Amino acid sequence: TEGQQRIYTTKERGRLKLLLRVRGLGFKLDEVQEIIDIYDAQPDQAGEQIQFIRYRDLIQRRLDQLDEQMQQLADVQTTLQQRLAEVEAAIEDQG
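Quantities reported herein were computed from a predicted structural model and do not represent experimental measurements.

One can find Arg62 in helix α3 (residues 45-94). Glu31 provides the closest opposite charge to the buried, unpaired Arg62, separated from it by 5.9 Å. Not counting residues within four places of it along the chain, the set of residues in contact with Arg62 comprises Leu25, Gly26, Phe27 and Gln69.

Given below as structure tokens:
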């Protein structure tokens, strides 16, 4: 437009919202692209089923990644709590 302002179509606005939403959920760029590809496709009813399955699989994979990260963080937290207790005990022993 004249004022250097872009006018987006309804579909483009939907894609932008989807992009921001899935990036906020921690999806990687290639996964975001796949989700957008799913969004952009206009399949028949059978194709729509396949798209839902692909999307479900991406979500499940992200949930699995989060579960693994949470377990790793819990392990780090446990280790740090143990080290803190050891340091506090050493301080008390010297005091």
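Right, let's get into helix α2 (residues 29-40). Compared with an ideal rise of 1.5 Å per residue, which puts twelve residues at 16 Å, α2 spans 16 Å between its outermost C-alpha atoms and is within 8% of the ideal. The set of residues buried in α2 consists of Glu31, Val32, Ile35, Ile36 and Ile38. All buried residues of α2 lie within an arc of 155° about the axis, which places them on one face of the element. Turned more than 90 degrees away from the buried face of α2 sit Leu29 and Asp30, all of them exposed.

Scoring rules and cut-offs
- Throughout, residues of each chain are indexed from 1 in the direction in which the sequence is written.
- It should be noted that, the model being predicted, local features are given only for residues of pLDDT at least 70 and side-chain atom pairs only at 80 or more, the latter also being counted only at that level, while totals for whole chains, interfaces and linings use all residues.
- Side-chain calculation: all heavy atoms of the structure are included, whereas hydrogens and water are not.
- Segments assigned H or I by DSSP are reported as helices when at least four residues long, segments assigned E as strands when at least two residues long, and all are numbered from the N terminus.
- Throughout, exposure labels follow a simple rule: accessible area from a 1.4 Å probe, protein chains only, divided by the maximum for the residue type, with under 20% read as buried, over 50% as exposed, and the rest as partly exposed.
- In summary, the charge assignment counts Lys and Arg as positive and Asp and Glu as negative, without counting His or the chain termini.
- Salt bridges are counted wherever a side-chain nitrogen of Lys or Arg sits within 4 Å of a carboxyl oxygen of Asp or Glu.
- In this analysis, two residues are considered to be in contact whenever any of their non-hydrogen atoms come within 4.5 Å of each other.
- Expected helix span is computed as 1.5 Å times (number of residues minus one).
- The arc in question is the one traced by the directions running from the helix axis out to the C-beta atoms.

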